[in-house]
Amino acid sequence: MKIKRVCIFCSSSNSLYEEYYKDGINLGELLGKEGYDLVYGGSKLGIMYKTVKAAKDNGAKITGIMPEKLYDCGFSENYCDEFYLTKGMRERKALLDEKSDAVIALAGGFGTLEEVSEMIVQKQLHYNNKPIIFLNTRGFYDNLLKFFDNIIEERFALQNAKNLYFVANSPKEVLNYLKSYDLKAELLSDKELIKEILSK
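Owing to the predicted nature of the structure, the values given are computational and were not obtained by experimental measurement. (Residues numbered from 1 in each chain as written. Predicted model: local features only at pLDDT ≥ 70, side-chain atom pairs only at ≥ 80, totals over all residues. Heavy atoms only, no water.)

### Some points on the sheet that holds strand β4 (residues 82-86)
With respect to topology, seven strands assemble into an open sheet ordered β4-β3-β2-β1-β5-β6-β7, the strand pairing being parallel. Each edge of the sheet is formed by a strand with only one pairing partner; in this case those strands are β4 and β7 (166-168). Neighbouring strand axes in the sheet, compared pairwise and without regard to direction, differ in orientation by 20° on average. Pairing of strand β1 (residues 5-9) with strand β2 (residues 37-40) involves three bridges; the strand directions are parallel. Across the sheet, cysteine 7 pairs through a bridge with valine 39, a residue of β2. (Pairing = 2+ DSSP bridges. Helix = DSSP H or I, 4+ residues; strand = E, 2+ residues; numbered from the N terminus. Axes fitted to C-alpha atoms, helices over the stretch in contact; angles between N-to-C directions.)

Here you go:
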C-alpha cells in the first residue's frame, strides 16, 4: 500500500516564531511536489494554513475536517478540495485518521498533543501501521521526547516504543522518511504481543 494522503497536526496560531511557518511552508511545498495529498483540520489560520496552502500551490489535493463549533466561528478555509463537518472533536479525529495514510506533527499546542498521542497508541496496539513523524522545529518537541523516554525508562511502555514514531529535524528528513516507509513492515495482529504491551 502506497502512502498518498498525509495528515498534519499543528498550531492554528498566527503569533509564533517565523521558523515554524517557514518549516510548514517548506514541508507543504515538498509534499505537494512529491505527489502527496494533505488532510488537516480545515482552518485558515497558523501553521495549518501555511502548510496546506503551500502544498496545494504545488499540486496537492486538500481535505479539511472541522467541527461545527469552529466552523460557525468562521475559521474554515474554502480552498479545500474536500471538506467535512463533524459534530465535535472526537468525530473530527476519527475522520482525520480514516482519511490519511501517515501523520506529521508540526509544532502545536494541546490539541496537537492530544491528536498525535492518540495516533501513537493506535499504532502501539496495531490498529494501524502509519508513519508518525514529529517535525522538531527549533527543538520544540525536545522536552516531550524526554518525557517519552522517561515513560519507557520507568517501564510504563516497552523499550521498542521508540519505534512507534520518528523525529525529523527538517522538512527534508520528513520527506525522506515518508518515501522509505513500508506500511506493511511492522503491522502485526499477535494477541500475545498486545498482551505484553498492556501488561509491560
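### Here we look at the pairing of strand β5 (residues 102-105)
The two faces of β5 match: Ala102 and Ile104 on one face and Val103 and Ala105 on the other face are all buried. Sheet topology places β1 next to β5; four bridges connect them, and they run parallel. If you follow phenylalanine 9 over to β5, its bridge partner there is alanine 105. Two elements, β5 and strand β6 (residues 132-135), share three bridges in a ladder whose sense is parallel. (Buried < 20%, exposed > 50% of the residue type's maximum accessible area, 1.4 Å probe, protein only.)

Any functional reading would require information that these geometric values do not contain.
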